[in-house]
Amino acid sequence: MKFYSKVIIPFFYDFSMDSEHINEGRKSILNKVKEEKVLEIGFGTAINLKFYPNNVNHIIGIDSNEGMLKQAEKKISDDRIKVEIIHQSSETLPFDDNSIEAVVSTYTLCSIKNVNLALNEIFRVLKPNGRYYFLEHGLADKPLTQKLQHLLNPIQKVWAVGCNLNRDIKALIENSGLKIIELKNYYMKRDPEVVGFMYEGIAVKEVKSYD
Ligand SMILES: C[S@@+](CC[C@H](N)C(=O)[O-])C[C@H]1O[C@@H](n2cnc3c(N)ncnc32)[C@H](O)[C@@H]1O
């Protein structure tokens with residue numbers, strides 16, 4: 001299983017996930033990043049790197065699978081963006097409270113084992129008013145598709161290395177304390193509905209005023 005997740009999946013990953021229709025969503029959300037420095041969790045094979053806008057000049061990419069990060073390293077040649085890679089789970093982020101301006105995740109909340117912990121960590125490390133940009137697949141809005149998602153989830157988790165089909169991304173983000181300020185839900189055109197219900201948006205760590 002280790003060989004499958006650390007060698008086979010990383011090697012073939014870009015063939016399925018660096019495709020035109022998937023990249024539409026990547027471009028759409030990453031174009032909105034207005035900060036200079038970004039923490040990307042679930043950095044994977046660095047597919048997003050080419051889609052960051054010009055204002056982004058520093059990315060910290062964190063991922064728990066070193067096989068994915070080895071593939072990512074091959075793409076880090078762009079002088080425009082400084083890229084630091086950290087091999088670690090995002091369930092514990094190695095950063096101080098209130099220290100990060102922006103966090104990005106794409107197709108990652110489905111795979112993190114303790115996703116609540118990871119989202120709490122995003123909340124903790126974000127600066128006040130810091131933004132979390134997300135593009136994630138999850139629980140669909142049609143009851144029949146939801147049923148199928150619940151049914152197929154155990155199989156998906158095995159072959160897709162821990163990927164869950166049925167996570168309610170909106171509820172998970174909101175439970176962490178982050179406030180969603182922008183959200184687009186849609187079905188990916190060419191994908192089966194069970195894997196193609198998307199949550200694309202921005203959440204913010206709101207500053208609470210007590211006066
Ligand atoms: C489906 S891939 C997405 C990769 C990339 N974000 C993309 O959009 O192509 C999910 C990624 O999340 C990573 N991942 C899973 N659990 C993680 C964790 N606890 N901490 C950090 N990364 C994790 C996996 O290793 C994998 O690279």
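Residues numbered from 1 in each chain as written. Predicted model: local features only at pLDDT ≥ 70, side-chain atom pairs only at ≥ 80, totals over all residues. Heavy atoms only, no water.

> When you look at the pairing of strand 7 (residues 197–204) in this model, what are you seeing that I'm missing?
Within strand 7, 8 of the 8 residues are buried, which leaves the element mostly enclosed by the surrounding structure. Where burial is concerned, the two faces of strand 7 agree: the one with Phe197, Tyr199, Gly201 and Ala203 and the one with Met198, Glu200, Ile202 and Val204 are both buried. Note that strand 5 (residues 126–137) and strand 7 share 7 bridges and pair antiparallel. Counted as the bridge partner of Tyr133 is Ile202 from strand 7. (Buried < 20%, exposed > 50% of the residue type's maximum accessible area, 1.4 Å probe, protein only. Helix = DSSP H or I, 4+ residues; strand = E, 2+ residues; numbered from the N terminus. Pairing = 2+ DSSP bridges.)

> Is there a simple way to think about the packing of aromatic side chains in this case?
The geometry of an aromatic ring pair is captured by two quantities: the separation of the ring centres and the angle between the planes. Counted according to the given criterion, the structure contains 5 aromatic pairs. A ring pair is formed by Phe12 and Phe15, whose centres lie 6.0 Å apart and whose planes are at 40 degrees; its orientation type is tilted. Of this pair, Phe12 and Phe15 both sit in helix 1 (residues 2–17), 3 residues apart, which is roughly one turn of the helix. Classification of Phe15 by relative accessible area gives exposed; the value is 66%. Their ring planes at 40 degrees and their centres at 5.5 Å tell us that Tyr132 and Phe134 sit as a pair that is tilted. The residues Tyr132 and Phe134 share a single accessibility class, namely buried. Through successive ring pairs, a cluster of aromatic residues spans Phe11, Phe12 and Phe15. Looking at Lys142, its charged tip hangs above the ring of Tyr187, at a distance of 4.7 Å from the centre. Here the guanidinium or amino end of Lys205 rests over the ring plane of Phe123, the centre of that ring lying 4.9 Å away. (Phe/Tyr/Trp six-rings, centres within 6.5 Å; stacked < 30°, edge-to-face > 60°. Lys NZ or Arg CZ within 6 Å of the ring centre and 35° of its normal.)

> Looking at this structure, I do not really get the site of the ligand. What am I missing?
Neighbouring residues of the ligand: 17 residues in total, closest Tyr13, Arg26, Gly42, Asp63 and Thr106. A distance of 2.6 Å separates a nitrogen atom of the ligand from a polar atom in the backbone of Gly42. Between Ser64 and the ligand, the recorded distance is 3.4 Å, taken from a backbone N or O atom to a nitrogen atom. Calculation on the ligand without its partners gives an accessible area of 590 Å², and the protein chains cover 89% of this total. (Near = heavy atom within 4 Å. Polar contact = N/O pair within 3.5 Å; in protein donor to acceptor, adjacent residues only side chain to side chain. Areas by Shrake-Rupley, 256 points an atom, 1.4 Å probe, with all protein chains shown as cover.)

> What is the right way to read the sheet that holds strand 1 (residues 37–41) from this model?
In sheet architecture, strand pairing relies on hydrogen bonds along the backbone and comes in two forms, parallel and antiparallel. Read across the sheet, 7 strands follow the order 3-2-1-4-5-7-6 without closing on themselves; strand pairing throughout is mixed. Since the sheet does not close on itself, it has two edges, and those belong to strand 3 (82–87) and strand 6 (179–187), each with one partner. If you compare each strand with its neighbour and ignore which way they point, the axes differ by 15 degrees on average. With respect to the sheet, helix 4 (residues 115–125) is in contact with strand 1, strand 4 (100–106) and strand 5, its orientation differing from that of strand 5 by roughly 145 degrees. (Axes fitted to C-alpha atoms, helices over the stretch in contact; angles between N-to-C directions. Contact = heavy atoms within 4.5 Å.)

> What is the right way to read the packing of helix 1 against helix 2 (residues 20–30) from this model?
Helix packing geometry: the angle between the two helix axes and the distance between the axes. Relative to each other, helix 1 and helix 2 sit at 85 degrees, their axes nearing to 8 Å. The orientation of helix 1 with respect to helix 2, classified from their angle, is roughly perpendicular. In this structure, helix 1 contributes Tyr13, Ser16 and Met17 to the contact, and helix 2 contributes Ile22, Asn23 and Arg26. (Parallel < 35°, antiparallel > 145°, perpendicular 65-115°, else oblique.)

> Would you take a moment to explain helix 3 (residues 66–73) for this structure?
For an α-helix, the turn length of 3.6 residues means that residues three or four places apart are oriented alike. Buried within helix 3 are the following residues: Gly67, Met68, Leu69, Gln71 and Ala72. Residues of helix 3 that are buried sit in contact with helix 1, strand 2 (58–63) and strand 3. The distance from a side-chain oxygen at the start of helix 3 to the backbone nitrogen of Gly67 is 2.8 Å, and the residue carrying that oxygen is Asn65.

> Where do I start with the side chain of Arg167 in this structure?
Note on placement: Arg167 falls in the loop between helix 5 (143–159) and helix 6 (169–175). Of the side chains bearing the opposite charge, Glu91 lies closest to the buried Arg167, which forms no salt bridge; the N-O distance is 7.7 Å. One polar contact links the side chain of Arg167 to the main-chain carbonyl oxygen of Ile112, over a distance of 2.8 Å. At a separation of 3.4 Å, a polar atom in the side chain of Arg167 contacts the main-chain carbonyl oxygen of Lys113. (Lys, Arg positive; Asp, Glu negative; His and termini not counted. Salt bridge = Lys/Arg side-chain N within 4 Å of Asp/Glu carboxyl O.)

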